[in-house]
Amino acid sequence: MENDDRKRDYVLRTVEERGVRLIRLWFTDVLGRHKSVAISPAELETVFDEGLQFDGSSIDGFSRIQESDVLAVPDPGTFELLPWAAEDEPSGTMFCDITQLDGSPFPGDPRQVLRRNLTRARDAGFEMFCAPEVEFFYFAEANRGIPQPLDGASYFDLTTADVSSDLRKRTLHMLEALSIPVEYSFHEDSPSQHEIDLQYTDALSMADAVMTLRLTVKKIALEQGVHATFMPKPLNGVQGSGMHTHLSLFRDGQNAFHGPDGDEGLSDVGKGFIAGLLRHAREITAVTNQLVNSYKRINEGYEAPRFVSWARNNRSALVRVPIIKPGKTQSTRVEYRVLDPACNPYLAYAVILAAGLRGIEAGYELPAEAEANLHELGPDELSTIGVEPLPSNLAEALDEMEASELVRETLGDHIFEWFLRNKRAEWNEYQRQVTPFELEHYLPTW
Amino acid sequence: MDPLLIFPEPAPPELAQALDLGGWSWKSIGDPDAAIAEEPDGGWTGAIVVADVDPEGALAMCRRLRRGELPLEPLLLLVTANQLEDLKLREDLYDDFCVLPIRPVELSARLRHLFWKTGRGTRPDLVEYGPLALNVETYQAAIDGQPLDLTYMEYELLKFLASHPGRVFTRETLLSRVWGYDYYGGARTVDVHIRRLRSKLGEEHAGLIHTVRSVGYRFGQSRWGV
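Residues numbered from 1 in each chain as written. Chains lettered and ligands numbered in written order. Predicted model: local features only at pLDDT ≥ 70, side-chain atom pairs only at ≥ 80, totals over all residues.

**A look at the nonpolar core**
Residues and elements named next belong to chain A.
Turning to step 1, where the next piece is worked out: Ala 203, Tyr 349, Val 351 and Ile 352 are the most contacted members of the largest nonpolar core, which has 95 residues in total.
Turning to step 2, where the next piece is worked out: The biggest single contributor to this core is helix α8 (residues 345-361), with twelve residues.
Turning to step 3, where the next piece is worked out: Setting aside residues no more than four positions away along its own chain, Ile 352 makes contact with Leu 247, Leu 277, Ile 284 and Tyr 336.
Turning to step 4, where the next piece is worked out: If you look at the next biggest cluster of nonpolar residues, it comprises 50 residues, including Leu 25, Phe 79, Ile 98 and Phe 106. (Core = buried A, V, L, I, M, F, W, Y, C linked by C-beta atoms within 7 Å. Buried ≥ 20, exposed ≤ 12 C-beta atoms within 10 Å, placed from the backbone. Helix = DSSP H or I, 4+ residues; strand = E, 2+ residues; numbered from the N terminus. Contact = placed C-beta atoms within 7 Å.)

The structure is reproduced here in structure tokens:
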């Protein structure tokens, strides 16, 4: 705790020395939406000591039957000065953990869910690292109706007068200033689609970083009157947006996935992790792909994975094991490819970790690698080689989740039950909609 | 400020007097084990080893102080004129030397120079190296006079590195010295933070932090000029 005092002291001194006028406290609701409440420097010390009390019932997934007040407790290690704040009004920000009034972790707080699961992994000797590739679209306006792409460029295109490339450049600059190093960024293959690949870090910092990234991308776009969206499938007929995430476990500073040469380069830990991901993939899909719209992305005819499979160099697989450069054993990792950028990153990384750990601990056997392009196989061929499809819509994913003891244990009863209730309601509402497809196809004929 | 380590124990009276006059805080230590056992939380500020009475013991002390996980510096060796020959090939054991008898003005001048060279400046609250300045009282860092926006851990890492310029540190050492136990991610966390720090130092100054292949990291120029 002495260290925590020093961190608080660091924040308090920095706020004073830099003339910070406003501190934004950030947290996340169960659906993964960014919440922010601003306090003044004068309140900061008290908030460090006592937390900031607010009514949780106004936040999705925070309400409880009796007591609804909760505390936001800022994590001083996450303090940053906001790079986009006006020069005459410096602002800072911190992520918060949400606790109950007695200081115990609030079961509806996604950040605490991830923390709890990371602590479990640490007790087993593992640290998880994540590196997501976040895709998104820029559109001319945010109105309902047909989204207007900003350009018609595709993969790696160099378009000189490209507004969106300026936007992306400015966004990257902001991310670096917010301690979020970017590995690559480029134009993706759909019109106006972009990708930002983040450099690996521990899973909790990365979930925070994904939240900050989504906010930053949207904010910088909005300055230019552009709407950025992480909706998984905003346009008919082109690829949607995914958030492929590269994952690795480290033990005693060494990559625990790396195995002796000749044995596929994977250790038993690595194989167990993949086997766990595969066995529980259908159960965790509602969390990694939480929108009705998520399932439009992982549909037939596109690159997103549709089947529970793994492979070394086959991009149709759900889990890919990238081939590493000789000697780069620390880079051994698996890429989970179904995630989309509209997920709650805390919950998504928590269920992925739990599935992988279960595979390691229970010693699941790794099934054979998928060598064929699964997108080209028919249902009979797939069932012959024992490959299951991922849930094809949100309702099916929720059924799988509801039956999963693993997901319940990982998320805790509070979030597990609230999530199912909320998402069932979303599905039912969707089911009642008359869609443009129906009007187009049925109205003229029937 | 943490004390200077003085060998032998008790400290020669004329040295003790010179240090007291110069306002230096110090503690005399009689053998290498005591140097470890009685090390202050913030580490010894530096060491003055007097070799005239017990030359073997003095060299053993130097070796021990230099060999630890975090080699002690600066180390000032005080020798008699007759012992100058013995310094040959032992240049790695000290940062500077001084010939006995002690002249208080020279001792102070050498200590100031050594502290300046090892990045600790002449003010205890300031760490300076080239364009970088770090104020350990206010937790603020600046490069070329421009404030750096750092997280707490980035600040702590930069402070540690800049306080020991020219030294190569392994990830494990950095982890135990800078992070303690309060972090996720293990030794790899160090790489993550180095990458962030370089980005915040900016392209022009990112090179202040060198990667030493298959060892770790070094801040500033190597002491051997390579």
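**Re the interface of chain A and chain B**
Turning to step 1, where the next piece is worked out: Across the contact, 25 residues belong to chain A and 22 residues belong to chain B.
Turning to step 2, where the next piece is worked out: Mapped by element, the contributors of at least two residues to the side of chain A that touches chain B are α1 (2-17), β5 (80-81), β7 (127-139), α4 (163-177) and β10 (201-202) of chain A.
Turning to step 3, where the next piece is worked out: Element by element, the count of residues in the side of chain A that touches chain B is highest for α1(A), at six residues.
Turning to step 4, where the next piece is worked out: Each residue belonging to the side of chain A that touches chain B can be placed in one class, and the counts come to ten nonpolar, seven polar and eight charged. (Nonpolar A, V, L, I, M, F, W, Y, C, P; charged D, E, K, R; others polar.)

**With respect to the domain arrangement of chain B**
Turning to step 1, where the next piece is worked out: Domain annotation of chain B identifies domain 1 (4-117) and domain 2 (126-219).
Turning to step 2, where the next piece is worked out: Computed from C-alpha atoms alone, the centre-to-centre distance between domain 1 of chain B and domain 2 of chain B is 28 Å. (Domains from an automatic or database assignment.)

**Description of unusual backbone geometry**
Residues and elements named next belong to chain B.
Turning to step 1, where the next piece is worked out: Cis geometry is found at the peptide bond from Phe 7 to Pro 8, where omega equals 0 degrees.
Turning to step 2, where the next piece is worked out: Inspection of the secondary structure assignment puts Pro 8 in the loop between β1 (4-7) and α1 (13-22).
Turning to step 3, where the next piece is worked out: Backbone geometry at Leu 89 places phi at a positive 65 degrees, although glycine is not the residue there.
Turning to step 4, where the next piece is worked out: Using a count of 7 C-beta atoms within 10 Å as the deciding quantity, one classes Leu 89 as exposed.
Turning to step 5, where the next piece is worked out: A positive phi is found at Asp 144, a non-glycine position, where the angle reads about 50 degrees.
Turning to step 6, where the next piece is worked out: Among the structural elements, Asp 144 can be located in the loop between β8 (140-143) and β9 (146-147).

**Some remarks on the sheet that holds strand β4 (residues 75-79) of chain B**
All names here are of chain B.
Turning to step 1, where the next piece is worked out: On the basis of which strands lie adjacent, the open sheet formed by five strands has the order β2-β1-β3-β4-β5 and parallel pairing. Edge positions in the sheet fall to β2 (26-28) and β5 (96-99), since each of these pairs with one other strand and no more. Taking each pair of neighbouring strands and ignoring which way they run, the sheet shows an average axis angle of 20 degrees.
Turning to step 2, where the next piece is worked out: Across three bridges, β1 lies against β2 in parallel orientation. (Pairing = 2+ DSSP bridges. Axes fitted to C-alpha atoms, helices over the stretch in contact; angles between N-to-C directions.)

**Regarding the confidence of the model for chain B**
Any segment with low pLDDT has predicted coordinates that should not be analysed in fine detail.
Turning to step 1, where the next piece is worked out: Predicted confidence across chain B gives a mean pLDDT of 86, with 93% of residues reaching 70 or more.
Turning to step 2, where the next piece is worked out: Confidence estimates for the predicted assembly give a pTM of 0.83 and an ipTM of 0.86. (pLDDT = per-residue confidence, 0-100.)

**Some points on the sheet that holds strand β10 (residues 168-170) of chain B**
All names here are of chain B.
Turning to step 1, where the next piece is worked out: Taken together, three strands build an open sheet; the order of strands is β10-β12-β11 and the sheet is antiparallel. What marks the edges here is a single partner per strand, and that holds for β10 and β11 (209-212). Neighbour-to-neighbour, the strand axes of the sheet open up by a mean angle of 30 degrees, direction not taken into account.
Turning to step 2, where the next piece is worked out: Across four bridges, the pairing between β11 and strand β12 (residues 216-219) is antiparallel. Bridge pairing in β12 links Thr 211 to Tyr 217.
Turning to step 3, where the next piece is worked out: Across the face of the sheet, helix α6 (residues 171-179) comes into contact with β10 and β12 while running at roughly 80 degrees to β10.

**Section: the packing of helix α5 (residues 152-163) of chain B against helix α7 (residues 188-201) of chain B**
Residue and element names in this part refer to chain B.
Turning to step 1, where the next piece is worked out: The contact between α5 and α7 brings their axes to 10 Å, and the two run at 85 degrees. Comparing the axis directions of α5 and α7 gives the class roughly perpendicular. Taken together, the residues of α7 that come into contact with α5 (itself represented by Met 153, Glu 154, Leu 157 and Leu 158) are His 193, Arg 196, Leu 197 and Lys 200.
Turning to step 2, where the next piece is worked out: In terms of residue class, the contact of α5 with α7 is made up of four nonpolar, one polar and three charged. (Parallel < 35°, antiparallel > 145°, perpendicular 65-115°, else oblique.)

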